[in-house]
Amino acid sequence: MPNWLGHRTFTIKEIEPLSPRVKKIVLEGEVRAEPGQYVMIWVPKVGEIPVSIARELNGETWLLVARVGRVSSAIHSMREGDKLWVRGPYGKGFTLRKGRVTLVGGGYGIAPLLFLADRLGGLAEVRLYAGFKSKDEVLLEEIFREAADDVIIATDDGSYGLKGFITEHIDYEWPQYIYTAGPEQMMVKVVREALRRGIEVEASLERLVRCAIGICGSCSLDPLGLLVCRDGPVFDGKTLSKIHDFGKYWRDFDGRKIPLIH
Ligand SMILES: Cc1cc2nc3c(=O)[nH]c(=O)nc-3n(C[C@H](O)[C@H](O)[C@H](O)COP(=O)(O)OP(=O)(O)OC[C@H]3O[C@@H](n4cnc5c(N)ncnc54)[C@H](O)[C@@H]3O)c2cc1C
């Protein structure tokens, strides 16, 4: 039974460190989300954060959690068998399409792209481009090779796969649709190029999401006033081209606009 705020408890079935900063957390049970949607994870007495669904398969839900601050560190200190309080799923996810589909992800931002690749299987031909800082930060390569038809990996320092930013290696001649999730500067380049070439594109934005139900305004995007928590996190290219904050600003805990630096 959910509590009065809508949280359900899920038992942590498995925890696997994937890189120095990122852990895979497998929950027992499915939250019943669509690719691109997220859940709010509450750690009592610490706080609550949004986390994308990375996979829902065979009665399990996968999350990839990067250690950033208070709540994500608390999640990192949990053990198998512990309970997580989860509300959601929330938000608008990716549109499923048939045809030739390119996914572009960076860092833990690839999480929703795994769920998307799973659901596109059989519908579309899927090529994944994934960028990471270095070899020890590469996430879930083998799993992605099973879920997608083709996987191209690049590292900024060239310690694994192709060298340089992943955006330097994308073949834009091939796809009919492009989906991207990860660092915003990466997504800005992908969306700009896709729009220039007339390719339909969707991107998943990250902002401070607190209430997740469209009330608090901490994730609002100027000048349209769209909310990442409710109208996103996935937005299409035409909408993104009208959002001045895309690639430029996010809001801090006090609602102040802060330049995005990656
Ligand atoms: C829709 C959505 C999906 C997400 N999916 C994932 C996921 O799958 N895996 C994952 O690891 N993370 C994900 N995140 C990001 C995650 O929610 C933040 O890293 C988390 O809220 C940090 O909380 P914390 O308490 O650990 O850190 P805090 O102590 O709250 O923050 C530490 C510092 O990090 C910065 N910060 C915190 N949150 C953000 C943010 N959202 N954007 C920019 N800077 C921030 C601030 O400067 C803050 O002072 C997602 C965010 C959104 C909005």
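Residues numbered from 1 in each chain as written. Predicted model: local features only at pLDDT ≥ 70, side-chain atom pairs only at ≥ 80, totals over all residues.

Caption draft 1: Focus on the site of the ligand. Near the ligand, the surroundings consist of 23 residues, among which S52, A66, G69, V71 and S72 are the closest. Elements with a minimum of two residues in the shell around the ligand: β4 (47–52), β6 (60–66) and α1 (70–76). Top contributing element to the shell around the ligand by residue count: β4, with 5 residues. For the shell around the ligand, the class distribution of residues is 16 nonpolar, 4 polar and 3 charged. Each of domain 1 (8–90) and domain 2 (99–259) gives at least three residues to the shell around the ligand. (Near = placed C-beta within 6 Å. Helix = DSSP H or I, 4+ residues; strand = E, 2+ residues; numbered from the N terminus. Nonpolar A, V, L, I, M, F, W, Y, C, P; charged D, E, K, R; others polar. Domains from an automatic or database assignment.)

Caption draft 2: Inspection of the environment of T155 at higher detail. Topologically, T155 is positioned in strand β10 (residues 150–155). If sequence neighbours within four positions are ignored, T155 has contacts with F132, K133, S134, K135, Y160, G161 and K163. (Contact = placed C-beta atoms within 7 Å.)

Caption draft 3: The sheet that holds strand β5 (residues 55–57), seen in detail. One open sheet holds the 7 strands; their spatial order is β4-β3-β7-β1-β2-β6-β5, and the pairing between them is antiparallel. Each having just a single partner strand, β4 and β5 make up the two edges of the open sheet. For this sheet, the mean angle separating the axes of adjacent strands, direction not counted, is 35 degrees. Summarising the sheet, strand β1 (residues 8–17) and strand β7 (residues 83–90) pair through 4 bridges and their orientation is antiparallel. Counted as the bridge partner of F10 is L84 from β7. Helix α2 (residues 111–120) rests against β4, β5 and β6 of the sheet, and its axis sits at about 35 degrees to β5. (Pairing = 2+ DSSP bridges. Axes fitted to C-alpha atoms, helices over the stretch in contact; angles between N-to-C directions.)

Caption draft 4: Focus on the sheet that holds strand β11 (residues 162–163). In space, the 7 strands of this open sheet follow the order β11-β10-β9-β8-β12-β13-β16, with mixed pairing throughout. Lying at the two open borders of the sheet, with one neighbouring strand each, are β11 and β16 (234–236). Packing of helix α4 (residues 184–197) onto the sheet brings it into contact with β8 (99–106), β9 (124–132), β12 (177–181) and β13 (200–204), and relative to β13 it is tilted by some 165 degrees.

Caption draft 5: Molecular detail of the pairing of β10. Here 6 bridges tie β9 to β10, and the two strands are oriented parallel to one another. Bridging from a neighbouring strand, F132 pairs with T155 of β10. Taken together, β9, helix α3 (residues 141–147) and β10 constitute a β-α-β crossover, and its handedness is right-handed. (Right-handed = clockwise from strand over helix to strand, strands pointing away.)

Caption draft 6: Seen up close, unusual backbone geometry. That bond from G88 to P89 is cis: its omega, 10 degrees, falls within 30 degrees of zero. Of note, R32 is a non-glycine position whose phi angle comes to about 65 degrees, a positive value. Mapped onto the secondary structure, R32 falls in the loop between β2 (22–28) and β3 (38–43). Taking the C-beta count within 10 Å as the criterion, R32 has 11 such neighbours and is therefore assigned exposed. Look at L140: it is not a glycine, yet its phi comes out positive at around 55 degrees. As for its placement among the helices and strands, L140 is situated in the loop between β9 and α3. For L140, a count of 22 C-beta atoms within 10 Å gives the class buried. (Buried ≥ 20, exposed ≤ 12 C-beta atoms within 10 Å, placed from the backbone.)

Caption draft 7: Expanded view of the environment of G47. For G47, the position within the fold is in strand β4. On the basis of neighbour count, G47 is assigned to the partly exposed category, with 14 C-beta atoms found within 10 Å. For G47 and R70, which are 23 residues apart along the polypeptide, the C-alpha to C-alpha distance reads 7.7 Å. Excluding its chain neighbours within four sequence positions, the residues that come into contact with G47 are R70 and V71.

Shape is all these values report; function is a separate question.
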